[in-house]
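# Results of the structural survey
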Amino acid sequence: MTKNDTAVFDAMRPDPNGRRQWAGRLGTREAIKRDGLELDPGSIVYCPHEWINAAGYVDLELVRKYPLMFAV
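Quick look at the structure, then. These numbers were taken from a predicted model, which means no experiment stands behind them.

Note that Met12 resides in strand S1 (residues 5–14). For Met12, a relative accessible area of 10% translates into the label buried. Each C-alpha atom, one on Met12 and one on Leu37, is 5.8 Å from the other, the two residues being 25 residues apart in sequence.

Right, let's talk about the pattern of salt bridges for a bit. For the structure on display, the rule yields 4 salt bridges. Here Asp35 makes a salt bridge to Arg25, at a shortest N to O gap of 3.8 Å. One end of the pair, Asp35, is in the loop between helix H1 (29–34) and strand S3 (38–48); the other, Arg25, is in strand S2 (residues 20–27), with 10 residues separating them in the sequence. Residue Asp35 is classed as partly exposed on the basis of its relative accessible area, which comes to 35%. For Arg25, a relative accessible area of 36% corresponds to the partly exposed category. Put simply, Asp35 and Arg34 hold a salt bridge, and the shortest N to O gap is 3.0 Å. Overall, the relative accessible area of 52% leaves Arg34 in the exposed class. Linked through salt bridges whose partners overlap, the residues forming this network are Arg25, Arg34 and Asp35.

Reading the values: the criteria
Residues numbered from 1 in each chain as written. Predicted model: local features only at pLDDT ≥ 70, side-chain atom pairs only at ≥ 80, totals over all residues. Heavy atoms only, no water. Helix = DSSP H or I, 4+ residues; strand = E, 2+ residues; numbered from the N terminus. Buried < 20%, exposed > 50% of the residue type's maximum accessible area, 1.4 Å probe, protein only. Salt bridge = Lys/Arg side-chain N within 4 Å of Asp/Glu carboxyl O.

Here's what the structure looks like:
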């Protein structure tokens with residue numbers, strides 16, 4: 001982890017049965033809460049802050065292109 005890393009989490013969507021499903025996004029704590037989703041605290045990873053878009057979510061194309069840049 002470097003000074004340029006940002007903590008991101010899996011965004012989870014609650015379902016009617018009380019379970020949670022992955023919403024298909026990784027984002028900052030603020031973005032996930034703002035959008036009414038729940039974060040999975042155990043899913044914390046760090047990514048370069050340049051990978052975070054204006055909405056507060058990770059650009060998944062960059063993750064696919066540079067998968068080893070993510071750090072637990």
